Amino acid sequence: MPTTLEFSRAMKLILQAAPRTATHFVPSSQKSQEEKDGLSAELTCIRLTAETTSILMSRCFLPTKGLTLERWQAYWSGFADAAPIFVANADKRFGGALLEPRELFKVHTQLLLDERCQSREQFAERTRDPALFDILDARYMKFLEEVRPETPEELQLRRERACDEAMQRFPQVAEHVLRTHGLKLPRHIALGWALMRSLAPGERKVFDAALGEQGMSAVTLAGMRGIFPLFEEGGLERPTKPGMDVRLHLRRSYTPPELLPLFFSDFLRTEVQHGLFYDDPAFLPSGIAKVGCTVPEMDIHRGSRRLDWVAETFFDFLRRCLYIDLTGVTQGEDDDYPQDQDQPEEERVRRKQHRHLREHRYRLIRDAITGFAEHEARIREEDRAQMRWSFAERSRMAPIASGEVGIATDLGDASDLPYLNRLRDLNDVWMSPTKRLRKWISDAEVALKAGDPRHALALGRDLYVAGERGRIQGEDAWFEAGMARPRAVSLLTAAYRALGREALARIAELPGPAEGDTVDIYPA
């Protein structure tokens with residue numbers, strides 16, 4: 001979510017651009033020929049005002065509401081004069097939970113419906129008035145009475161208790177993961193469990209509904225798998241299936257050894273795995289990555305699989321996936337979308353109520369996340385101090401064929417590896433002739449012996465994520481059936497050990513599941 005500073009920067013650019021788009025909102029009869037001629041170029045150049053345009057037009061307050069070019073310019077000039085106070089009022093009122101630009105625009109554009117505001121000074125005075133946010137507060141408070149009927153003190157106490165419980169259990173869970181996997185667990189995972197644990201029944205339903213719409217039902221407290229259940233009472237003593245290695249839990253054939261699985265998403269019938277990504281087991285992971293097929297009908301080709309970054313922390317992940325779901329909320333209490341105009345009155349009312357519910361849900365979720373802001377900021381800094389590369393550094397490193405999560409070593413990333421000049425994605429891996437693939441493997445082994453494991457690490461990862469495929473006819477053929485994984489494992493384990501990453505080498509050597517299967521070490 002945008003911070004106050006990020007919003008202020010965006011607002012500054014929009015304020016600079018907005019007066020130049022004024023001709024878009026006034027009748028053609030009021031536009032000069034010069035304005036008409038320049039309008040297309042202006043709207044093309046000023047990208048930031050596209051969102052503003054959509055919001056303002058959807059509110060149906062255009063010329064029929066008394067909007068003239070002069071009043072439009074007065075509106076933006078007054079807003080420019082008072083914008084810092086407006087943002088500060090929003091920050092104070094909502095504790096940083098309502099600083100998404102279109103939400104703030106939705107509040108502020110009420111002024112264009114107020115006939116008392118005509119001049120720059122009048123718009124500026126009303127912009128500074130904290131009462132602008134009262135309408136949102138009144139609706140939201142009524143919503144809270146149903147889903148979270150607690151006092152602020154009771155709410156904060158519930159959150160603190162969940163946080164204390166998570167932090168008390170963290171050392172045992174972290175020691176368990178270090179002993180079984182050889183990996184260090186970041187504290188933000190414990191705080192993420194505390195957040196989900198702290199939710200009241202009404203809040204949990206809101207989270208579940210929002211996450212379910214994004215195919216993230218597995219992220220709910222009831223659906224969480226991976227590491228999170230270890231924080232539950234008795235989670236560390238939970239029996240496993242006979243003969244199962246705990247390091248295989250939730251792994252698929254294409255799950256790279258560096259990924260510690262957390263959960264799956266199933267949006268649009270895809271199945272994408274999310275997990276902590278470890279470059280070096282001696283340090284904390286730089287962030288959360290996802291791997292899987294994002295185009296269901298293409299999974300048969302395996303080439304549509306990707307390994308990409310998602311977020312630095314579990315909280316950042318929640319913000320990102322819920323932001324995707326809820327940023328469409330832009331309407332106010334008496335608004336109608338233009339496409340609703342032809343609908344029956346009953347349907348228009350139903351759609352409006354649904355938009356209001358989503359708006360309240362959005363704010364409730366952001367309130368819950370913001371309630372842990374103090375702990376989150378402290379734990380983020382503690383975790384960062386134990387990373388080899390920060391998430392910002394890591395996400396800027398060169399990608400490889402299997403996705404934007406490339407490789408990271410003291411010798412550098414994959415930016416100068418020759419084989420990547422021929423590969424854009426895993427489809428190119430599949431289409432590469434066997435002779436060429438064997439040459440790349442040979443080159444990687446030569447570089448490895450010369451002291452540079454980067455080629456083996458990158459190519460091994462690409463082959464591992466690509467997975468197995470049977471022989472196809474002709475020169476452009478893949479390896480013999482069943483040979484891709486052994487070659488990938490051979491490259492990866494040699495590279496890991498050359499880099500001192502023994503825990504990853506041991507995970508790579510585990511017998512992997514069959515193509516399409518997911519390992520679950522716990523009895524049903």
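This text follows the structure it describes.
As the structure is a prediction and not an experimental result, all values here were calculated from the model.

Calculation criteria
- Residues numbered from 1 in each chain as written.
- Predicted model: local features only at pLDDT ≥ 70, side-chain atom pairs only at ≥ 80, totals over all residues.
- Heavy atoms only, no water.
- Helix = DSSP H or I, 4+ residues; strand = E, 2+ residues; numbered from the N terminus.
- Contact = heavy atoms within 4.5 Å.
- Areas by Shrake-Rupley, 256 points an atom, 1.4 Å probe, with all protein chains shown as cover.
- Buried < 20%, exposed > 50% of the residue type's maximum accessible area, 1.4 Å probe, protein only.
- Arc of directions from axis to C-beta.
- Salt bridge = Lys/Arg side-chain N within 4 Å of Asp/Glu carboxyl O.
- Axes fitted to C-alpha atoms, helices over the stretch in contact; angles between N-to-C directions.
- Left-handed = near helix turned anticlockwise from the far one by under 90°.
- Nonpolar A, V, L, I, M, F, W, Y, C, P; charged D, E, K, R; others polar.
- Phe/Tyr/Trp six-rings, centres within 6.5 Å; stacked < 30°, edge-to-face > 60°.
- Lys NZ or Arg CZ within 6 Å of the ring centre and 35° of its normal.
- Pairing = 2+ DSSP bridges.
- Expected span 1.5 Å × (residues − 1).
- Core = buried A, V, L, I, M, F, W, Y, C linked by side-chain atoms within 4.5 Å.
- Polar contact = N/O pair within 3.5 Å; in protein donor to acceptor, adjacent residues only side chain to side chain.

Caption draft 1: Highlighting the overall build of the protein chain. Secondary structure assignment for the protein chain yields 19 helices and four strands. Within the protein chain, contacts between residues at least 6 apart in sequence are counted, and of these 71% link residues at least 24 apart. Just so you have it, the protein chain exposes about 23600 Å², and 52% of that area is on carbon and sulfur atoms.

Caption draft 2: Representation of helix α6 (residues 120–127) within the structure. Listing the buried residues of α6 in full gives F123, A124 and T127. Taken down its axis, α6 places every buried residue within 100 degrees of arc, on the same side. Within α6, the exposed residues directed more than 90 degrees away from the buried face are E121 and E125.

Caption draft 3: Examining the pattern of salt bridges more closely. Counted according to the given criterion, the structure contains 31 salt bridges. In this structure, the salt-bridge partner of D279 is R394, at a minimum N-O distance of 2.5 Å. Taken together, the residues span a long stretch of sequence, with D279 in the loop between β2 (271–277) and β3 (287–293) and R394 in helix α14 (residues 391–395) at a distance of 115 residues. Relative accessible area serves as the criterion here: at 0%, R394 is assigned to the buried category. When the shortest N-O distance is used, the salt bridge between E381 and R384 registers 3.4 Å. Of the two residues, E381 and R384 are both situated in helix α13 (residues 373–384); the distance of three residues between them amounts to about one turn of the helix. Residues joined in a network through salt bridges with shared partners are E312, D316, R319, E376, R380, E381 and R384.

Caption draft 4: View of unusual backbone geometry. One non-glycine residue, L250, adopts positive backbone phi at about 70 degrees. Following the sequence through the fold, L250 ends up in the loop between α10 (201–213) and β1 (259–265).

Caption draft 5: Structural view of the packing of helix α17 (residues 454–466) against helix α18 (residues 484–498). Where α17 meets α18, the closest approach of the two axes is 8 Å, and the angle between their N-to-C directions is 150 degrees. Considering only the axes of α17 and α18, their crossing is left-handed. From α17, A456, L457, L459, G460, R461, L463 and Y464 reach across to α18, where they touch R485, A488, V489, L491, L492, A495 and Y496. Class assignment for the residues of the contact of α17 with α18 results in 11 nonpolar, one polar and two charged.

Caption draft 6: Here's a closer look at the environment of G406. Structurally, the position occupied by G406 is in the loop between α14 and α15 (426–431). The class for G406 is buried, based on a relative accessible area of 0%. Spatially, the C-alpha atom of G406 lies 9.4 Å from that of L457, the residues being 51 residues apart in sequence. The contact partners of G406, leaving out residues within four places of it in the chain, are R394, A398, P399, I400 and R461.

Caption draft 7: View of the packing of aromatic side chains. Per the stated rule, a full pass over the model turns up 11 aromatic pairs. A ring pair is formed by F263 and F317, whose centres lie 5.1 Å apart and whose planes are at 40 degrees; its orientation type is tilted. One end of the pair, F263, is in strand β1; the other, F317, is in helix α11 (residues 314–326), with 54 residues separating them in the sequence. Here the two residues F263 and F317 agree in accessibility, since each one is buried. One aromatic cluster is present, built from ring pairs that chain together F228, F263, F314 and F317. In this arrangement the basic side chain of R238 is found over the ring face of Y522, its NZ or CZ atom lying 4.0 Å from the centre. Positioned above the aromatic ring of W389, the side-chain terminus of R388 is 4.3 Å from the ring centre.

Caption draft 8: Layout of the pairing of β1. Within β1, seven of the seven residues are buried, which leaves it mostly tucked inside the rest of the structure. As paired strands, β1 and β2 are joined by six bridges and run antiparallel to one another. Each residue of the ladder has a partner; that of L260, found in β2, is L276.

Caption draft 9: Broad picture of helix α16 (residues 434–449). When the terminal C-alpha atoms of α16 are compared, their 23 Å separation across 16 residues agrees well with the 22 Å that a helix rising 1.5 Å per residue should span. What α16 keeps buried is the set T434, L437, W440, I441 and A444. Within α16, the buried residues cover an arc of 125 degrees as seen down the axis, which keeps them to one side. Away from its buried face by more than 90 degrees, α16 exposes K435, V446 and K449. In the segment just after α16, G451 is the residue with positive phi, at about 100 degrees.

Caption draft 10: Structural detail: the nonpolar core. One finds L185, I227, F231 and F317 to be the most contacted residues of the largest nonpolar core, which totals 94 residues. Beyond its immediate chain neighbours, meaning those up to four positions away, I227 contacts V173, V177, L185, I189, L260, P261 and L262. If you look at the next biggest cluster of nonpolar residues, it comprises 15 residues, including W72, Y75, L111 and C117.

Caption draft 11: Representation of the environment of E509 in the model. Inspection of the secondary structure puts E509 in the segment after α19 (502–508). Residue classification places E509 among the partly exposed residues on the basis of a relative accessible area of 45%. Between the C-alpha atoms of E509 and P486, which are 23 residues apart in sequence, the distance is 9.3 Å. The residues contacting E509, other than those within four sequence positions of it, are T493 and R497.

Caption draft 12: How the structure looks around the side chain of H249. Structurally, H249 is set in the loop between α10 and β1. Contacts of H249, omitting those with residues within four sequence positions, involve G226, P261, V519, D520, I521 and Y522.

Caption draft 13: Representation of the side chain of R454 within the structure. Within the secondary structure layout, R454 lies in helix α17. A distance of 2.9 Å separates the side chain of R454 from the backbone oxygen of D413, its partner in a polar contact. A polar contact is formed between the side chain of R454 and the side chain of D416, at a distance of 2.7 Å. Leave out the neighbours within four places in its chain, and R454 touches I407, T409, L411, G412, D413, D416 and L417.

Function cannot be inferred from these measures alone, as they are strictly geometric.
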